[in-house]
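The chain contents come next:
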Amino acid sequence: MTSNHLPHVLIIGGGIGGLSLALFLHKAGIGSTVYEAYPPREAAGGGLNIAPNGMNVLAALGLAHDIISRGAVTMQHCFRDEQGKVLASIPYGNITKYGQPGVSLSRADLHDVLAQAAKAAGISIQYNKRLTGIDEHPTGVKACFEDGSSDSGDILIGADGIRSRTRSIILPDGPQPAFVNVVGVGGFAKISNLPEITSRELRSLNFTFGAKGFFGYCAAGNEYAMWWSNLYATEPMSEQALRQLSLDYVKAEMLAIYKDFHAPISTLIEHTERPIKQNISDIQSLPTWHKSRILLIGDAAHAVSPNSGQGASMALEDSMYLAKLLRDANGDYEQVFTQFEQDRKPRVEKIVAEGRRRGAGKQAVSPFQAKIRNFMMSIFLRLFGIKGQDWVYQYRIDWETRQRA
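Analysis parameters
- Residues numbered from 1 in each chain as written.
- Predicted model: local features only at pLDDT ≥ 70, side-chain atom pairs only at ≥ 80, totals over all residues.
- Heavy atoms only, no water.
- Helix = DSSP H or I, 4+ residues; strand = E, 2+ residues; numbered from the N terminus.
- Rg over C-alpha atoms; globule rule 2.2 N^0.38 Å.
- Contact = heavy atoms within 4.5 Å.
- Areas by Shrake-Rupley, 256 points an atom, 1.4 Å probe, with all protein chains shown as cover.
- Lys, Arg positive; Asp, Glu negative; His and termini not counted.
- Charge placed at Lys NZ, Arg CZ, Asp CG, Glu CD.
- Pairing = 2+ DSSP bridges.
- Axes fitted to C-alpha atoms, helices over the stretch in contact; angles between N-to-C directions.
- Expected span 1.5 Å × (residues − 1).
- Buried < 20%, exposed > 50% of the residue type's maximum accessible area, 1.4 Å probe, protein only.
- Polar contact = N/O pair within 3.5 Å; in protein donor to acceptor, adjacent residues only side chain to side chain.
- Salt bridge = Lys/Arg side-chain N within 4 Å of Asp/Glu carboxyl O.

### Digging into the overall build of the protein
Part 1 of the argument: Along the protein, the regular secondary structure elements total 14 helices and 19 strands.
Part 2 of the argument: Over its C-alpha atoms the protein spans a radius of gyration of 21 Å, differing by no more than 12% from the 22 Å that the globule rule assigns to 405 residues.
Part 3 of the argument: Its C-alpha atoms give the protein principal-axis dimensions of roughly 65 × 45 × 35 Å.
Part 4 of the argument: Put simply, 76% of the contacts in the protein that link residues at least 6 apart link residues at least 24 apart.
Part 5 of the argument: With the model as given, the accessible surface of the protein reaches about 17600 Å², and the carbon-plus-sulfur share is 51%.
Part 6 of the argument: Averaged over its 42 positive side-chain charges, the protein has a centre that lies 5 Å from the centre of its 39 negative ones.

Rendered as C-alpha cells:
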C-alpha cells in the first residue's frame, strides 16, 4: 500500500469484532467486506454484559443508545452468599467516572444492532463463506472459500473467533484454545415469572457464591432476566451433546445444585426458556498476532473466559484501535500490525489471566472453605474492588486525535 492509497480490507468473521471493525473502517473512509462462515441467525448465543469501556466504543459509533434501549443498565456488582447475605457491593455503571454504564443483553441483540448499522452504512456482509485458504502476493491478499469463491484485498483481518481458521492458517503450529475445565451453563427467563426478584437485583450484576458452586444473574432487557453458572469438568462436552441440549435436563441438573440457594435462583431455573451450554476455553498467549498482510483480532488473537466479563468489550476495543491506526498509517500496514499488537497485548493478556483467576474462585468447595472464601471476599472486595476495576473500565481510545506518522 502506498501513502495515498486507502486499503480494501477483507474481514473474516461477522461477529462482534468483525462487524464493529467494518463500521469503524467505514467511519475512517476505508472500505471492507465481511465474510461470515454461517448463515444469518436471528437468536444466536446467550447473554453478555458490555462493560463501560466497551460501551464507550459503541458510543463512538453512535450505537450506545440502541444498546441501552435493548438491554438493561447495570449500576453495581452485588456479591452474596447462598443464603442471600450481601458480602459486598461495588458501583459499576458510574457514568461520571467511566463515561458510559454497563449494559446486559442477549448476544443476538448486540449482533443485530451491529449488523443493522453495517447494512445501513452499505457494508457488504457475505454469509455462508467458510475460509479454506489465504494466498498472498506482493500487492495484496486473496481469501479462498469452501464454495469455490474468492476475493482479493490489500489486507486481511481474522475476526473469526476462538476456533479461528485464519489463526490456523498463519500459525499452524501455534497454541490452541485450552479447555479451562469449565462448562458454562445459562439461560433466560421472563421477569414476569420472577415475583421474588427485587428492583435492586434488576439494576445489578448479581454474583452468588456457595459451597456447591457459583450462580450469576441480572436483567437482560426486553422484559427478560438472564442467568449463568459454571460446571467443572475434566473433559469438554462433545459437539453432539451441546447440540442436543434438553431444557428439562438442564433445569433438573441446575436445580440439583442450586435448589437451596436464595431466591430468586430456583425460580430463574424453573422458568428458563432458552438454555445454553458451552465449553469454556481461552488462549493465554500467542507468539504473534500477525503475519505479513494478515492480522488477528478479538477471540482469534486472545480468547478470554466469560468469567472476565470482558470478551465483547475487548473485541470492540480492538476494532476501534485498529481502524484508528489504519486511518493514520500512511499506508504502512506492517507498522500498524506491529504497533497494534504491542499496544494491545499487555492489556488483553492481563484480562485473560484475570478471567482464569476468577473462574478458579467459583468452584464447589466444602462448607468450611466456602465460609472462609466468602469472608475473605467480603474484605478484599470492599477494600480493593473499585480500584481493581478502574484500570479496566477507564480505558479510552481517542478517535479524534490522529497518530503521529
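We are not done yet, so read on.
### Things to note about the sheet that holds strand β10 (residues 140-145)
Part 1 of the argument: Taken in spatial order, the three strands line up as β9-β10-β11 in an open sheet, and their pairing is antiparallel. Because the sheet does not close on itself, it has two edges, and the strands there are β9 (131-137) and β11 (150-153). Averaged over neighbouring strand pairs, the angle between their axes works out to 20° when direction is ignored.
Part 2 of the argument: Pairing of β10 with β11 involves four bridges; the strand directions are antiparallel. Counted as the bridge partner of K142 is S152 from β11.

### Description of helix α5 (residues 107-120)
Part 1 of the argument: For α5, with 14 residues, the first-to-last C-alpha span of 20 Å sits near the 20 Å given by 1.5 Å per residue.
Part 2 of the argument: Among all positions of α5, only A108, D109, L110, V113, L114, A115, A117 and A118 are buried.

### A word on the side chain of R344
Part 1 of the argument: Secondary-structure assignment places R344 in helix α13 (residues 333-360).
Part 2 of the argument: When its relative accessible area of 1% is taken as the criterion, R344 is described as buried.
Part 3 of the argument: At 3.4 Å, the side chain of R344 forms a polar contact with the backbone oxygen of M314.
Part 4 of the argument: Once residues within four sequence positions are removed from consideration, R344 is found in contact with W289, M314, E317, D318, Y321 and Y395.

### A short note on the sheet that holds strand β15 (residues 213-221)
Part 1 of the argument: The strand order across the open sheet formed by seven strands is β6-β5-β14-β15-β16-β13-β17, and the pairing between neighbours is mixed. A strand with exactly one partner marks an edge of an open sheet, and here the two such strands are β6 (86-91) and β17 (276-282). Taken pair by pair, the neighbouring strands of this sheet meet at an average axis angle of 20°, ignoring direction.
Part 2 of the argument: Judged from the nine bridges that link them, strand β13 (residues 178-190) and strand β16 (residues 224-232) form a sheet pairing that is antiparallel. Bridge assignment links V185 to a residue of β16, and that residue is S229.
Part 3 of the argument: Docked against the sheet, helix α9 (residues 247-258) engages β13, β15, β16 and β17, running at close to 75° with respect to β16.

### A closer look at the environment of G62
Part 1 of the argument: Among the structural elements, G62 can be located in the loop between α2 (52-60) and α3 (64-70).
Part 2 of the argument: Placed 15 residues apart in sequence, G62 and H77 show a C-alpha to C-alpha distance of 26 Å.

### A word on the pattern of salt bridges
Pairing between side chains of opposite charge can happen when their charged atoms approach one another.
Part 1 of the argument: Across all of its chains, the model carries twelve salt bridges by this definition.
Part 2 of the argument: D318 is the salt-bridge partner of R344, the closest N and O atoms lying 2.7 Å from each other. Separated by 26 residues along the polypeptide, R344 in helix α13 and D318 in helix α12 (residues 311-327) bring together distant segments of the chain.
Part 3 of the argument: Between E349 and K345 there is a salt bridge, and its shortest N-O distance comes to 4.0 Å. Taken together, the residues E349 and K345, both in helix α13 and four residues apart, mark about one turn of the helix.
Part 4 of the argument: Relative accessible area serves as the criterion here: at 23%, E349 is assigned to the partly exposed category.

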